[in-house]
Every structure is written in structure tokens, then in C-alpha cells.
Amino acid sequence: MSDGSRASNNVNYLFPLAEKELRAFVHAVNELFGTEQARRSALDWIHEIEVMNWPAGEAIPNWREATVRASARLCSSSSISERHKFMKTQIDKERFGPWALITGASSGIGREFARQVAGSGIHVVLVARRENLLEDLGRELANDFHVRYRLVAADLSLRDSMEGLVERTKNLDIGLVVSNAGTGNPGEFLKIELQTLETLLRLNTLAHLQIAHFFGRKLAQRRQGGLLLVGAMGAETGVPCMANDGAAKAYVHSLGEGLHVELKPLGISVTVLAPGFTDTPVLAKFGFNPQTMLMKPMNADQCVAEGLRALQENRSMIIPGKMNRLMNAVIPASFKRNMTAKTLAKVLANSRSTVCRSC
Ligand SMILES: NC(=O)c1ccc[n+]([C@@H]2O[C@H](COP(=O)([O-])OP(=O)(O)OC[C@H]3O[C@@H](n4cnc5c(N)ncnc54)[C@H](OP(=O)(O)O)[C@@H]3O)[C@@H](O)[C@H]2O)c1
């Protein structure tokens, strides 16, 4: 049997997803990859998505369990090999030092940025609201990598939050800015208070704008440096149950990709990092359990290593992880939206108490 007909047969099993969209996906994968192994991986992966959408409480037939195990093996083997390759990235201290500013450094991806940047011998300004966590991290980095650190406790959703940042960094020569702080608030759009949506919009857009503008001018004066903005994979296509958050990330992507070209002649590298699911505390806040998620979330160290590598190569945008890049390239937008809506609706139903709260 040819691979093409095996693909069609498998598509016929699939329920409750739209057959037309799955056929388009399989076709796109066949176009993109010539090897039988790649096609098989894609089919395994389709099964995995299907199981994610399987109605709660219904037993999953055995063949499905086998498929999930195969897909999990596929995902973990690809992430293990990628992890070995990307464990940490050293960035050029001469080009991006002597100081770096990292927002959202108290947790998750931002914390890992601080570790990898400090590991490259660059001093760090750590920004977030939870000062005690920043202090612990600063001490740890000074101890491990012999770098200096400075803390800025700031709520970046507040309009005047830049004042503290400007004041606390005025005598530092900053060569790298990682604008990472951000969060989301899954829930039904109409049930979330407008004030909460506005607060998140300020954090997820205005803070990036203010940071890019103020520090962009400083980097332009020294005619060297880097700006890395953290967005989110798939934001441009719309994210049901996180519509405001997705729209804000789409702004970040567009801002960063525009600045990538505009600031290049001034010696500034600008890169957007657009992570997919990444294993940080935000997943639990959203009601996910990283241990039981069928699509294994990526490790923060790999996510950050790929982001820093892309900045060093001055790429405009990086989606970290092979699997994420594959998903982003080949899945039709309407399919992604439906899948996200179903997944988040399930999570929302299971964890009403942990979502839809003001951040
Ligand atoms: N993890 C994922 O699956 C994923 C996927 C796509 C995109 N992202 C993006 O990656 C970035 C980092 O997220 P993460 O996964 O590392 O989440 P996280 O572990 O919750 O970290 C978020 C960071 O942002 C800071 N922050 C949140 N609100 C803030 C505010 N009002 N003012 C200042 N700092 C604030 C937090 O510090 P304080 O609470 O101490 O202020 C924390 O340091 C975010 O922009 C997020 O949207 C994450």
C-alpha cells in the first residue's frame, strides 16, 4: 500500500475532527517531507490530536493508546535530541554585553533567560513584581557565574512603570534587552471584566512598546546590541478563550518583525521568540498539568537557547522546537482554532477555580 493511501485510510478513522482539514494537513506534510518516516510521524501526531479531543469519561480504544504511546515516544525522542543540541546558548559578550535587561525574570522563561545570559558572562538587570524571587535569582547568578545583578521591582501593566526602569538603569551600559514579561487569562471573553482585559493588554503590548522605544534609542546611540521580544506561537491566527491575549501577542510579533528591518542599519538585532507550550508555572495557572499533557511541553532551557541563538544569528522570528515548527507550518488556521477551543474549553471546565482570575 502506498503512503498516500495509508494516509487516506487513517484519515477515515478520525473523529470528531473535520475530515477535510485533516486531509489538507496530511497533504501538506506529504508535500513538505519526502521520507516515509516523516509521513508516519505526521500520522501518529494526527492520532495524538484526536485523542486530545476524545470526549471526557469515554474509554480510549487500545489502538488509540498505542498511537499515543508512539507519538509520545516521537515527541520525547525529538525533544531529547534537540535538548542535547540546544541545552544552553552562549551569546557574544562583546556584542550583547556588558549588561542585559530581562523582564519577567522571576519565573519560567525569563528566569532561564537570566541564567543563560549570565552564563555568557553578561551582568543582568532583573525585572518583575516579586522582588524576593529576583533577589534569590540574582544571588544565585552572582554565585554561579560571577556576574553583577540589579533588581527592578515593577508592575509593567502600570502606565508609569517605565519610570523605575529608567531610573534604575541610567548609569548602566545595556547591550541586550529581553522583553519577556507577560501572561494570559483563559476564559470566556464576555465573562471576563473589561478592566482585567485592559490590564493584560497593557502588560502584553504597551510594556513591550515602551521598552522597545526607550531602550531601542539607547541601543541605537551605542550602535550595537540586541532586542528580543517574547510572543506566542499561533497568535496571528486567533486564540479562542484567550482572544485578547492572542491578539496582544500578534501585536508583539508585528512590532518585532517590523523593527527587525528598521533597526538593522543601526546595529541592533531584533528577534521575536514565539514559544509553543513550554513547561513553566504559567501552565498550572491555566489549569494544565505538564505531566499529563498529551503534547509534551518544551523545556524552558531549550526554548531560551533557541531564542538566543536566533538573536545571535539576527533572525526576525523563531518558533522554538522542531515539532512546534512543523505544527505551525502545516496545520490550517481553522483547524488550530477549533483544536484550541476544544482543549481550553475542557481545561476551563475542569479547573474553574484556577482560571479567569485577575492577574
Ligand atoms: N509557557 C508557555 O507555554 C508560553 C507559551 C507562549 C508564550 N509564552 C510567553 O512567555 C513569556 C513568559 O511566560 P512564562 O511561561 O515564563 O510564564 P511565568 O512563569 O508565569 O512567568 C511570567 C513572568 O512575567 C512576570 N510578570 C507577569 N505579570 C507581570 C507584571 N504585571 N509586571 C511585571 N512582570 C510581570 C512574572 O513575574 P511576577 O509575577 O513576579 O511579576 C514572571 O516573571 C510570557 O510573555 C508568555 O506569554 C509562554
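Just so you know, these numbers come straight off a predicted model, no measurement behind them.

Rules and cut-offs
- Residues numbered from 1 in each chain as written.
- Predicted model: local features only at pLDDT ≥ 70, side-chain atom pairs only at ≥ 80, totals over all residues.
- Near = placed C-beta within 6 Å.
- Helix = DSSP H or I, 4+ residues; strand = E, 2+ residues; numbered from the N terminus.
- Nonpolar A, V, L, I, M, F, W, Y, C, P; charged D, E, K, R; others polar.
- Axes fitted to C-alpha atoms, helices over the stretch in contact; angles between N-to-C directions.
- Parallel < 35°, antiparallel > 145°, perpendicular 65-115°, else oblique.
- Left-handed = near helix turned anticlockwise from the far one by under 90°.
- Contact = placed C-beta atoms within 7 Å.
- Core = buried A, V, L, I, M, F, W, Y, C linked by C-beta atoms within 7 Å.
- Buried ≥ 20, exposed ≤ 12 C-beta atoms within 10 Å, placed from the backbone.
- Expected span 1.5 Å × (residues − 1).
- Pairing = 2+ DSSP bridges.
- pLDDT = per-residue confidence, 0-100.

Q: Quick one: what's the story with the site of the ligand, residue by residue and with numbers?
A: In the vicinity of the ligand, 29 residues are found, and the nearest of them are Gly104, Gly108, Arg129, Arg130 and Gly182. Of all the secondary structure elements, the ones that give two or more residues to the shell around the ligand are helix H6 (108–119) and helix H11 (281–286). Of the residues contributing to the shell around the ligand, the split by class is 14 nonpolar, twelve polar and three charged.

Q: Explain the packing of H6 against helix H7 (residues 131–145) to me, and be specific about the residues and the numbers.
A: Running from amino to carboxyl end, H6 crosses H7 at an angle of 25°, the nearest separation of the two axes being 10 Å. Classed by the angle they form, the pair H6 and H7 counts as roughly parallel. By crossing handedness, the relation of H6 to H7 is classed as right-handed. Here H6 contributes Arg111, Ala114, Arg115, Ala118 and Gly119 to the contact with H7, which in turn contributes Leu137, Leu141 and Phe145. Partitioned by chemical class, the residues of the contact of H6 with H7 number five nonpolar, one polar and two charged.

Q: Outline the nonpolar core, supporting the account with residue identities and numerical values.
A: Of all hydrophobic cores here, the largest spans 70 residues; its most connected members are Ala100, Ile102, Val124, Leu126 and Val127. Contacts of Val124, omitting those with residues within four sequence positions, involve Ala100, Ile102, Ala114, Val117, Ala118, Leu141, Val147 and Tyr149.

Q: Account for H7, naming residues and giving values.
A: For the α-helix, the turn length of 3.6 residues means that residues three or four positions removed from each other point alike. The end-to-end C-alpha separation of H7 is 21 Å, in line with the 21 Å expected for 15 residues at 1.5 Å each. The elements touched by buried residues of H7 are H6, strand S2 (123–128) and strand S3 (149–153). Of the residues flanking the end of H7, it is His146, one or two places downstream, whose phi is positive at about 60°.

Q: Just give me the short version of the sheet that holds strand S1 (residues 99–103), but keep the residues and values in it.
A: The strand order across the open sheet formed by seven strands is S3-S2-S1-S4-S5-S6-S7, and the pairing between neighbours is parallel. With partners counted over all chains shown, the strands left at the sheet margins are S3 and strand S7 (317–318), one partner each. Examined bridge by bridge, S1 and strand S4 (residues 174–179) share four bridges and lie parallel to one another. If you follow Ala100 over to S4, its bridge partner there is Leu176.

Q: With reference to specific residues and values, describe the confidence of the model for the protein chain.
A: On average, residues of the protein chain score 81 in pLDDT, and 73% of them reach the 70 mark or higher. Segment residues 58–86 is flagged for pLDDT under 50; beyond a separation of four residues in sequence, or across chains, it makes 35 contacts in the model.

Q: Can you break down the packing of helix H9 (residues 194–222) against helix H10 (residues 243–263) residue by residue, with the values?
A: The contact between H9 and H10 brings their axes to 9 Å, and the two run at 10°. Classified by the angle their axes make, H9 and H10 are roughly parallel. Judged by residue contacts, Leu197, Leu200, Leu201, Asn204, Thr205, His208, Leu209, Ala212 and Gly216 of H9 engage Asn244, Asp245, Ala248, Lys249, Tyr251, Val252, Leu255, Leu259 and Leu263 from H10. Classifying every residue of the contact of H9 with H10 gives eleven nonpolar, five polar and two charged.

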